[in-house]
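# Survey of secondary and tertiary structure
Residues per chain, in single letters:
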Amino acid sequence: MEQSTTPEGAERGGAAEAGEAGREIRLRTVSVVDAAADALRQMILDGSLEPGTRLRETEFSTRLGIARHTFRAAAQILINEGLLRRSPNRGVQLTVLDADDILDIFRLREALEIEATRLVVIAGTDLADAELAVERFNELDDTASWRTVVDLDMDFHRAIIDATGSERISRAYAGVQSEILLCMAQLRPHYDRPAEVAAEHRELLEALQASDPDRVEKLFRRHLGDASENLTNALQAREEVTA
């Protein structure tokens, strides 16, 4: 099987001390399947591939420089994430989202995030990573790209999920995160100026830091509800253009 290797310490940000230089270094095997899945995922989330695009095995194996069986394994990873779908007559193709998909994705997202905010407020958890995301939002100017705004948005929300310390909540959120990004990549709804997006996330963060559970829930439900509505409106606009 195609593989590459990297030192385990590299995955921990070079945590090994200098005094351990003579210590044996164990290598962690990195599958080329995972690398290929990452490359395909990036193409999808960057909007390089149009909704419904068919990923022909021969073409994409050649583009990625991998064997066809490796491409099939990589595609299966993305099928499991909801980014690709396999149909009997068209093979593997990029998922096309509809209004029901958006509703279902955001129903799960809201359930996970509301519970996460409840847990961090009760525990008084430090939200340093969420604070960092807001700081980076504040540094953006009006020329910031849509993808930069979306990435910071996800950094903020993911930081709150991870702050719960719940492995299962984090795992469940990871299962829907790719589809959240797919919504945004495919539909590219209208976003306010970066400064306004930053202000909205700052308000969310301040409510969390004030340990006001009722206000936190109200703000997060409104924030996620607005996002779902914007995505649905963008979908309708796209359907009207292509009709």
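Residue numbering note: each chain is counted from 1, following its sequence as written. At least 70 in pLDDT is required for a residue's local features to be given in this predicted model, at least 80 for side-chain atom pairs to be given and counted, and no such filter applies to totals for whole chains, interfaces and linings, which use all residues. In computing side-chain values, all of the structure's heavy atoms are included and hydrogens and water are not.

Moving on, we come to the confidence of the model for the protein chain. Overall, the predicted model of the protein chain reaches an average pLDDT of 86, with 86% of residues at or above 70. Note on scores: pLDDT gives the predictor's confidence for each residue, bounded by 0 and 100. Numbered from the N terminus, helices here are DSSP runs of H or I no shorter than four residues, and strands are runs of E no shorter than two. Mean pLDDT values for the elements of the protein chain range from 45 in helix H1 (residues 8-11) up to 96 in helix H5 (residues 99-123). Within the model, the stretch residues 5-20 combines pLDDT values under 50 with 17 contacts to residues more than four positions away or in other chains. Whether two residues are in contact is decided by their heavy atoms: any pair within 4.5 Å suffices.

Excluding any residue in a salt bridge, patches collect residues exceeding 30% relative accessible area, merging like charges within 9 Å and nonpolar Val, Leu, Ile, Met, Phe, Trp and Tyr side chains within 5 Å. In these tables, accessible area is a Shrake-Rupley quantity obtained with a 1.4 Å probe, and a residue counts as shielded only by the protein chains included in the view. Salt bridge, as applied in this entry: a Lys or Arg side-chain nitrogen positioned within 4 Å of an Asp or Glu carboxyl oxygen. When charges are counted, neither His nor the chain ends are considered; positive counts come from Lys and Arg and negative counts from Asp and Glu. Where a charge lies is defined by one atom per residue type: Lys uses NZ, Arg uses CZ, Asp uses CG and Glu uses CD. A cluster of acidic side chains, namely Asp-98, Asp-100, Glu-239 and Glu-240, defines a negative patch on the protein surface. Relative to the elements of secondary structure, Glu-239 occurs in helix H10 (residues 213-242).

Right, let's talk about unusual backbone geometry for a bit. For Ser-211, which is not glycine, the phi dihedral falls at a positive 55 degrees. Structurally, Ser-211 is set in the loop between helix H9 (194-209) and H10.

Okay, helix H8 (residues 167-187) next. Expected helix span is given by 1.5 Å per residue-to-residue step, counting one fewer step than there are residues. In this model H8 runs 31 Å from its N-terminal to its C-terminal C-alpha over 21 residues, within 8% of the 30 Å that 1.5 Å per residue would give. At the C-terminal side of H8, Arg-188 shows a positive phi close to 40 degrees.

The criterion is simple. A nonpolar core is a set of buried Ala, Val, Leu, Ile, Met, Phe, Trp, Tyr and Cys residues joined through side-chain atoms within 4.5 Å. Three labels apply to residues, based on accessible area from a 1.4 Å probe with only protein chains included: buried if under 20% of the type maximum, exposed if over 50%, partly exposed otherwise in between. Counting 60 residues, the largest nonpolar core has Leu-40, Ile-44, Leu-55, Leu-84, Phe-156, Leu-208 and Phe-220 as its most contacted members. The element contributing the most residues to this core is H8, with ten residues. Among residues more than four places away in sequence, those in contact with Leu-40 are Leu-55, Phe-60, Leu-64, Phe-71, Ala-74 and Leu-78.

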